[in-house]
Structure formats: structure tokens, C-alpha cells
4 protein chains.
Amino acid sequence: MSSTKPNAERPQSETRRQKLNRTIFGWETPAGQRFDVLLIWAICISVLVLMLESVDWIAINYRPWLRAAEWAFTLMFTAEYLVRLYCTENRWQYVKSFYGIVDLLSILPSYLAFFIPGANNLLIIRMLRVLRIFRILKLVRYLGEANLLMRTMLLARRKILVFFSSVLILSTVFGSLMYMVEGAEHGFTSIPKSIYWTIVTITTVGYGDIVPQTVLGQIISALAMLTGYSIIAVPTGILTAELAQEMQRERVSRHCPNCTRAGHEGDAVHCKHCGEQLPATAPSVK
Amino acid sequence: MSSTKPNAERPQSETRRQKLNRTIFGWETPAGQRFDVLLIWAICISVLVLMLESVDWIAINYRPWLRAAEWAFTLMFTAEYLVRLYCTENRWQYVKSFYGIVDLLSILPSYLAFFIPGANNLLIIRMLRVLRIFRILKLVRYLGEANLLMRTMLLARRKILVFFSSVLILSTVFGSLMYMVEGAEHGFTSIPKSIYWTIVTITTVGYGDIVPQTVLGQIISALAMLTGYSIIAVPTGILTAELAQEMQRERVSRHCPNCTRAGHEGDAVHCKHCGEQLPATAPSVK
Amino acid sequence: MSSTKPNAERPQSETRRQKLNRTIFGWETPAGQRFDVLLIWAICISVLVLMLESVDWIAINYRPWLRAAEWAFTLMFTAEYLVRLYCTENRWQYVKSFYGIVDLLSILPSYLAFFIPGANNLLIIRMLRVLRIFRILKLVRYLGEANLLMRTMLLARRKILVFFSSVLILSTVFGSLMYMVEGAEHGFTSIPKSIYWTIVTITTVGYGDIVPQTVLGQIISALAMLTGYSIIAVPTGILTAELAQEMQRERVSRHCPNCTRAGHEGDAVHCKHCGEQLPATAPSVK
Amino acid sequence: MSSTKPNAERPQSETRRQKLNRTIFGWETPAGQRFDVLLIWAICISVLVLMLESVDWIAINYRPWLRAAEWAFTLMFTAEYLVRLYCTENRWQYVKSFYGIVDLLSILPSYLAFFIPGANNLLIIRMLRVLRIFRILKLVRYLGEANLLMRTMLLARRKILVFFSSVLILSTVFGSLMYMVEGAEHGFTSIPKSIYWTIVTITTVGYGDIVPQTVLGQIISALAMLTGYSIIAVPTGILTAELAQEMQRERVSRHCPNCTRAGHEGDAVHCKHCGEQLPATAPSVK
């Protein structure tokens, strides 16, 4: 009653398909939870297998095992995909949805790699082999907590966009200056490369494969560093401020049962608008 | 009515010039928006062209195309500049303004490069070629959202200035120490260079082209890192605090229609000063 | 009376063991403080000795002294451990506790290294020698102030967990892309290594032992940097927001002596719930 | 009247010495301001001279000029020091104060370098030459704005201390692990060096002169990076929270003229404690 975000729908009487649906898409039933846990394990292990497959000496020594595991997971995820297709009300919408695409992408490459005679072009095969690793994205479905962050990001998206544009403009300006000052002989062979270098510097990554060698270049890059060092404060500031608001909004989102107005302090006992008694708050959960 | 920042002026009857003015300088009319979108595209593409021009193999193979595109954009921006000049009330003020200078700088180099016989001194030409890339600055005009950030920066400018002075003093102190301890044989050939190195370290960029080799030097640089690592908190802290205030100020900037005082909480229904009924708040937009 | 967290228990009449217990586990008695200070010194010096022992020329020249010191500290900590065992009410609980394990680990390796004929396998010995340095963990017991941070971390633990999962997923995605684009010939020999590289990049550490060399690779890594550069804002934001709340909670945790409700503003003079006079606040200590 | 921090003392009738005192130590009189501006310039230029002196080719070509400038500044600062000594009430206190020591240190080395026959030991000379650069510290006197930051740092000092202890303990643990895993053959020649490397990594500086080469080492260092990447949030969080409080405290530090209680909201018109009319607030200056 005092919770604001409504839980999943509570069906009264449901067909076998709806039951299956709730098991596979929902969290509520024990069966659904077992299914999800199992799936998470499957995803993690399959990703691990794909990683190991890219390590030469493992790929050479354990090829049969890896291939077997690979196919086992592919078939498993195929089954999952088909079942999901079967038990959703709106099939096409699921297929078009982010998760639908991810689910499909996580099985497609294996079949493509199987049907394409890849002996002659290894690149395609390598790409397909690697693409399967994006199965990891299937995990996103379970990052429930990410909502608060996502909402914050969305609230701050325009500020963040502006911030990125500014960073790019800054990088262009500093990059061109460095290209002009240092020139090709010191590794700044073109403006795009200088801009890449500037991004490496402004984000304080600093690989050191290209470093300014003229005095003027070092002064300019010192300026670039200090700029980057201080503007890193901007996204942090934006996000912190937004996040603080978001969290507070969550915390004080108590509705008055009478006038249904929200926004009462955590310790208010009466609605400040109509004087109605307020329901007790749960200990602020986070 | 509940919005605080007034939109652009609404002219009743206007001459052709004022119409043009609103089209070119304003956002309101559809024509104005089409013009701005077109201009943004032109700027981005011209900058892209200039970048590609700096890549050797592209410059060699596609010289004629790049030159053509370059001149097309130069003429286009020249026309824009002239029109802006034509339709502003106060010409000289526009010329002196930031945007006026940027607009001029974005066309000048091309003409200079054209009229200077640059065969004998390539540096000038390269500089001019590069300078044109600062056309990117013309985009700043469209970073409307940047206002909040700018205002925040302005509010915090003195603190940020102090912060930078402190960083520079710190760098001088650490740099001199490192120069004293490591000396020229380990790459710290002069105090300015040591200071450059210290900035590279304090900002946690860490190129690694110069690294301390004596034990004492490594201890000092570890101190420098920890210092930089913790004082990076200062600008973030300043900006976050300022930004949070700024955002809150925006949020609660509701004026009482009667006593015209501002600063009411978002859910207040009566002016806390005179009891006048307050206008309803719009859902806090950001 | 206005303090909320109760200090350690005040025993009326206590046996010699309880006295010893309070001396060794508590802070209250002067004896207890002397003991703790002594212990902190012992820990720091023993850790220093272990560090020096790992420096070759010191290990060679001062071996007897180091060994002597080492055994002195081992015996000292053994005595401490036995005494703690003797004077705790619930021995088994202490042994199982974090500090109990740390105390045991800080003496065990020395004895193991003594009883294992280590001439033939140096690795074990080196490991045991190094493990003793974790005596430093005994210091954790004295980071009393860390509580606020710990509590904050705990409050934000799920958000932080989500954040880390996101970072890992991001790293997997970017890493696989880089492996696909750059391939083994540029140092991205396997997906795990590419992921390692991506973490090095996203955290803006940027060693520079592996750097992207293709244009596409540089674009992707620039994206990765900007991502890391901006998502570093997320943990900061989370923690700051939580911390601000935590500190405020501490600050305004004043209880009304009548209705025992908490959460009065720092300058309230009457309980907002029952009107009872509130005790004066101490100057907000931090 | 509504200002809380009292300005400098207002003398009624003062001797020549007090006048001089106010000129040299104070900001109020125009003469004092001229003196300070002059001094700031002198400090900056003298520091610049000292920097240039450390650049070989400059030192060789312009030795006489540099020496002349150096002595000019030395004498100037000597004069300043003597005058300050002359016109302070409590001489000994000034000499012992931070600024007194800095003022002395900024002239001493020149004289020492002059009186020591330094031909035979260049190190001393180089040290003395470098030490003079700490004249830059004389600037600290003019970072008035730094007070807010300093106060914040002081308020958060214990938290920051705890934070640093934690970082050091973490570095010791990770460093020892890396020393154990990677060993001397990969550059981790001793535990202190490994700890230095860990600090370089945790602070995300990442020089890249030493990099982990075993798989296990790379996993451990990835953990170290993520740790550092997330605990960098801690000092930021602490400082931001403290700073926000500090700034708010400043903003709302309005005193009631009647009951002299402080802490009224910025838009309160009556003292919430005694109902007395409050003085109008100045627009919150920062």
C-alpha cells in the first residue's frame, strides 16, 4: 500500500501457457526463480567457454570438449528462445524487443558458422565466434537494481550529451593544436590521430605510445590534462546531484491516502495538505 | 506564467531584415530551425573534410575533391557571415562578439592560404589549414543546455581558480623535489620538465616516458600520486555542491504572484510570506 | 544522554580475566590504550622488517638481524594470541572471527616455514614469508572511523554490485570487439587478455604495454575511454549521495526524551511531534 | 552588520610602525594592495627565473643576467623580511610562524650558496639552487579563497586519514600478492617496489614501466584497478558531502539580532526562535 511501484500482475486463473510465461519471464514463482538462476549459470559458463576458446593452447588441447560444450549451450539457448516465442502473447513485439534480439544473436552465429564453409575466410568465422560472447548481454535482464541508475542517466541525458559534445569539441581543438605544434615527426601524423591522442590524454588514460616532445607541445598537453582533470568533475557533479534527487524522491515518495498528494518528509505523521493520518514508513530500503 | 526564464521577444510587425534576423539568429520560426540544422550539418561535414585532409593517403588520392569541398564550405560560410553582418542591428558589436570572431576565423584562413604564396614556407600553410578546423567552435552556439554548466562554472570560478593555483604550486614543489632527487640522468633534465612530469602524474595521466628510478624518487612520486588522487576530489566536490544548489534553485524558483517572493518548496500550496495561493508547479523539468 | 551509540559496557565488579579482557579488547582503561599503542607499533615495525627482508641487498647483509626481529615479533604475537584466547568468554567465536583468523595467520607462516624443510621448494617459503606481511590487516581493528564508510558501502552495496556487473559486461563487450578488430598480431592475443586490456583502459590506468593500432581499434578504444571516463561518475555519485545521507542522519539523530522520536533539525528547540523541550545539541562532531 | 566574519581591526590613531604594519600585512589600504600586487609579481618572476636557470642552454647563454636577477630578488626579499621583522609587534611569533619560515627559506639558500665554497660538492649547490624555488610558497599567503577548502579538509581530516590508511593497507596486500605471483623476473623485485607499483595502479596513474605478465598477476591487478577505480569515489564523496555542508553553513549563517541564534533559511523573515525581525540577506556571495 505504501509501495509506489506496483509488482507484476496477479493472475486469477491462467492457462498452461500463461503459467509457463510467468515461470520464464517472471520472478514470482519458485519455478521462475529456479529457471532464472539456472539460466544465469548457463550464460556465465557459456561465456567462459567462449573466452577459453580464444586462448590458443586451450583451443588446441581441448577443442572437442569446447565444441561439445558450445553446441550444448547453443541448443539450450535455442530451446529457451523457442519456448519464449511460444509462450509470449505478442510474439513479434518480443522478437523486436532488445532482449528478443539479444536472445536471437546469442544462437545465430553458431548456426551461421556451421553452415558457412568458413575454411577459406577465417575473419568471418572469427567474428562469428566472437559475436557469440555477447550472450553476456542476456545478463542485463537480471540487473534489476540498474533501474535507479538508468533513470538517473535518463534524467541527466541531455546534460551528459552536452558534456560529451563539449569534450569532443575540446578534443578537436587541442588535437589540432598538437598536430600543428608537434607535427608528424613526433607521432602526431594526422588530425584524427591527434584527436585520438587528446582523448587518451583528457580522459587521463595516458598510454604513452605518443608523447609530446616539443616544449610548447608539453605546455599545451599540460593544459589539456588539467582541463580533463577538472571537467571529469562535471559528469560526476551532474550525476551525483541527479542521483541524490532521485534517491530522495524514492525515499520521500509517500502518498497521503486521503488527498493522494506525495512528498512528505520521512518523519511526518500527518499529511501537510489535508491533515489526514499518514501510513507508517518502512525503514528506507535501498 | 510559472516559467521563470522569458522566451525570445515576440515582434508584432517587422521589416524583411528583422524577419531574416529571426530566421538566422533565432530558434522560433520553422525556417530558423531548418537554417540551424543545415548549418550544423555544414559545420560537421566541413570539419570532417578538414580532418581527412590531414591524413596523408587521403590527401594525396582525393586532393581535388577535398579542395572543392573546402572552397564550397568557405564560400558558404562567407555568405553566412555576410548575411549575419547584414541583418544584425548592431554590426560592430556582432563583429566583436565571440561568435562574430569565430565566424570570421572560420573563413579567413582559407583566403589567407589562397593569397599567400605558401610554396616556400609550409608551416604557415599548415597552420592556416589546421586553424580552419576551429570552425567546430561554431557549434558552441547550439549547446544551449551548456548554460547550467556555464553558470555553475561561473559561480565556482574563484574556487576553481584557487584550486588551479594550488595544483600549480604543488606541481612546482613536487617537480623541484623530483629534479633535485632524480636529476638529469633519469630524464628530469630541468625544473620545467619536472613540473610537466608532475602534472602528468598528479592528473593520473601517467605516460610513463619518464619514470622515477631512485627509491626516494619513487616514494616522492607515490606521495604526489596520492595527493593528486585525493585532490581530484576537490573540483568534483566544489562542482557537485554548486551544481546541486543550481539545480535546486532552478527547481524551487517559484514566485508568489502577490508578494513576488521566490523559493517556495515544490509542494507548497500557499506563499509562506503572504499566504497567497501559489500557481501549480509543472513537473520539475530538466 | 544526547549520544545515540552506547559506549562499551561498564562492568561493576570484574574478575582478573574480565579486567585483562577490557585491557586487551577495550579502549577505555589507560592500560588498554597503552596496550593498543604498543601493538600498533609492533605491527608496523614487523611489517617494515618483512618488507626490508624482500630487498635483496638488505636481506643479504642483515640476515641475522632480520631473522632475530622476525622471531621476536612472531613470539610476541603468539603470546598476544594466547592471551586473547585465554581472556575471551567465547573462545571458539573469537577463533572463527575475522580478527581471530588474522591473528592466527600472522603467526602461522613463521612456524610453518620453520617446520617445513624448505630448502628444496623455495616457492612455498617465499609465499609463507610474504603471507606474514598480512599482519598489516591487524591494523584494521584500529580504523574506528572506517565505520561510517563501511556503513555507507553496505547501504550502497547492491548499487555497487550492479555497477561492477555492468563494468564487467562492458569490458567483455569492448574486449571482444577489440579482439575481433585488432587481433593477435597487435597484442590482443585472446579474449581474456583483451578484457584485461579493456579494464586497464576503462579504469583510465592505461599502462600502454598494449595499444590499439588500427584506426577502427582506436575509435573503439576512444569510445571505451569516454565510457569509463563518464561511468566513473556512477560509483562516486552513488557513494556521495549515500554518504551525504549517512552524515546527515548522524547529524540530526536527536531523540525526543518524551516521545523518543528522532530526526529533528539541528536547530529545533521543541520536539515537532509532542512539543517536548529537546536537549541541546553538541556542536556537530565529525 | 549582516556579515559574520569581522574584517581586520580598525585602528584609531597609529604610529608609523603600525601604519607600515597595516601596509605590509593588511589588504585594506591602497598602499597595502599595491605592495601585495608588487610582491606577487616579484615572487612569480623570481620563480620563473629559477626555473629557467635549470634549463641548460638558458643557464649557459644567459648566466650573468640570471645571476643578476637572482641577486636582485634575493636582496628584495631580504629587505621585505627585515621590514616585516621590524614592524611586527611580536617578532619571535612571526619568525616561528609558517610564513616567517617560508620568508626566511626564500632568501637563506642564496646566501648559503654564496658562502659555501661549492666548487667541490655540486649536490649541495644544486639543492640550494632548487630550494629557492619554494619561494612559490610565499604565494599561499594570497590564496584567501582557500579557507573554505582548508576548513572542509580539516572537518574531513580524520575520514581522509582513515581513507589513506586503508589505501596503504590495500596497497601492501595487493603489492605483496603481486610480488608473490610475479616475482623478481617480471620487475617486481621487492615488496616495497611492488607496493610502489600498486600505488601507481590503484591511483590509475599507470606508467607502464612495470606490467604484470602472468595471467594470475593480470587478474589480481585488474582487481586492484577496479578497487582503486571505485574507492576513488570515497574521498570525493567525503569531500563533496562536507563541502556541501560547509557551503550551506556559510549561506545560512544569519544571526538573529535579538536571540543571536543562527541557521535561518535564506528566505526566513522572522527569527524562528524569538520572532524577531531578521536583517535582509545579501545575495548569497561565493
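Calculation criteria
Residues numbered from 1 in each chain as written. Chains lettered and ligands numbered in written order. Predicted model: local features only at pLDDT ≥ 70, side-chain atom pairs only at ≥ 80, totals over all residues. Heavy atoms only, no water. Helix = DSSP H or I, 4+ residues; strand = E, 2+ residues; numbered from the N terminus. Buried < 20%, exposed > 50% of the residue type's maximum accessible area, 1.4 Å probe, protein only. Contact = heavy atoms within 4.5 Å. Areas by Shrake-Rupley, 256 points an atom, 1.4 Å probe, with all protein chains shown as cover. Phe/Tyr/Trp six-rings, centres within 6.5 Å; stacked < 30°, edge-to-face > 60°. Lys NZ or Arg CZ within 6 Å of the ring centre and 35° of its normal. pLDDT = per-residue confidence, 0-100. Axes fitted to C-alpha atoms, helices over the stretch in contact; angles between N-to-C directions. Parallel < 35°, antiparallel > 145°, perpendicular 65-115°, else oblique. Nonpolar A, V, L, I, M, F, W, Y, C, P; charged D, E, K, R; others polar. Polar contact = N/O pair within 3.5 Å; in protein donor to acceptor, adjacent residues only side chain to side chain. Domains from an automatic or database assignment. Salt bridge = Lys/Arg side-chain N within 4 Å of Asp/Glu carboxyl O.

Visitor: Please explain the overall build of chain A as it appears in this structure.
Guide: Check the secondary structure of chain A and you find 13 helices and zero strands. From first element to last, N terminus to C terminus, chain A shows the α and β order α-α-α-α-α-α-α-α-α-α-α-α-α. Every one of the 286 residues in chain A was classed for burial, and the buried ones make up 45%. Taking contacts inside chain A between residues at least 6 apart in sequence as the whole, the part at least 24 apart equals 56%. For chain A, the exposed surface amounts to about 14,500 Å²; the carbon and sulfur share of it is 67%.

Visitor: When you look at unusual backbone geometry in this model, what are you seeing that I'm missing?
Guide: The phi angle of most residues is negative, glycine excepted, and most peptide bonds adopt the trans form. All names here are of chain C. Non-glycine residue Thr204 carries a positive phi angle of around 60°. Following the sequence through the fold, Thr204 ends up in the loop between helix H11 (191–202) and helix H12 (215–231). When its relative accessible area of 5% is taken as the criterion, Thr204 is described as buried.

Visitor: Hey, could you run me through the packing of aromatic side chains in this one?
Guide: By convention here, two paired aromatic rings are described through the distance between centres and the angle between planes. A complete count under the given rule lists 20 aromatic pairs over all chains for this structure. Here A:Phe188 and A:Trp197 contribute two aromatic rings whose centre-to-centre distance is 5.1 Å and whose plane-to-plane angle is 70°, an arrangement assigned as edge-to-face. For the pair A:Phe188 and A:Trp197, a shared accessibility class is recorded, and that class is buried. Each member of the aromatic cluster is reached from another via a ring pair, and the members are A:Phe188, A:Trp197 and B:Tyr207. Residue placement shows D:Arg17 over the ring face of D:Tyr86; its charged tip is 5.8 Å from the ring centre.

Visitor: Any chance you could explain the environment of D:Gln218 here in plain terms?
Guide: Residues and elements named next belong to chain D. Mapped onto the elements of the fold, Gln218 is located in helix H12 (residues 215–231). Residue Gln218 is classed as buried on the basis of its relative accessible area, which comes to 12%. It is 9.5 Å that separates the C-alpha atoms of Gln218 and Glu182, two residues lying 36 residues apart in sequence.

Visitor: How do you make sense of the confidence of the model for chain A when you look at a structure like this?
Guide: Close inspection of predicted coordinates is inappropriate in any region flagged by low pLDDT. All names here are of chain A. Summing up the model confidence of chain A, the mean pLDDT is 76 and the portion of residues at 70 or higher is 72%. Across chain A, the element-wise mean pLDDT spans from 65 in helix H8 (residues 122–131) up to 92 in helix H11 (residues 191–202). Note that residues 1–11 has pLDDT below 50 and, in this model, seven contacts with residues that lie over four places away or in other chains. This model gives residues 280–286 a pLDDT under 50, and the stretch forms 12 contacts once residues within four places in sequence are excluded.

Visitor: Any chance you could explain the side chain of D:Thr172 here in plain terms?
Guide: Counting through the fold element by element, D:Thr172 comes out in helix H10 (residues 157–182). Judged by its relative accessible area of 5%, D:Thr172 is buried. Contact partners of D:Thr172, with chain neighbours within four places excluded, come to C:Met51, C:Ile133, C:Ile136 and D:Ile195.

Visitor: Would you mind showing me how to read the packing of H11(A) against helix H12 (residues 215–231) of chain A here?
Guide: Residue and element names in this part refer to chain A. At a minimum axis separation of 8 Å, H11 and H12 run at an interaxial angle of 55°. Accordingly, the angle class assigned to the pair H11 and H12 is oblique. Contacts between H11 and H12 pair Trp197, Thr201 and Ile202 from the former with Ser221, Ala224, Met225, Gly228 and Ile231 from the latter. Counted by class, the contact of H11 with H12 contains five nonpolar, three polar and no charged residues.

Visitor: I keep staring at the side chain of A:Ser110 and nothing clicks. Help me out?
Guide: Residues and elements named next belong to chain A. Counting through the fold element by element, Ser110 comes out in helix H7 (residues 108–115). The buried category is assigned to Ser110, whose relative accessible area is 5%. A distance of 3.1 Å separates the side chain of Ser110 from the side chain of Glu70, its partner in a polar contact. In contact with Ser110, other than residues within four places in its own chain, are Glu70, Trp71, Thr74, Arg132 and Arg135.

Visitor: Just to check I follow, could you spell out the domain arrangement of chain A for this structure?
Guide: Accessible area lost on assembly of the parts is the figure often given for the size of an interface. Domain assignment breaks chain A into domain 1 (16–142), domain 2 (157–234) and domain 3 (255–286). For domain 1 of chain A versus domain 2 of chain A, the distance between C-alpha centres works out to 40 Å.

Visitor: Explanation requested: the pattern of salt bridges in the structure shown.
Guide: Pairing is possible between side chains that carry opposite charge, provided their charged atoms lie close to one another. Here the structure, examined in full by the defined rule, presents eight salt bridges over all chains. Salt-bridge contacts for B:Arg84 lead to B:Glu80; the nearest nitrogen and oxygen are separated by 2.8 Å. Of the two residues, B:Arg84 and B:Glu80 both sit in helix H4 (residues 63–87), four residues apart, roughly one turn of that helix. Considered together, B:Arg84 and B:Glu80 belong to a single accessibility category, that of buried residues. Linked through salt bridges whose partners overlap, the residues forming this network are A:Glu80, A:Arg84 and A:Asp103.

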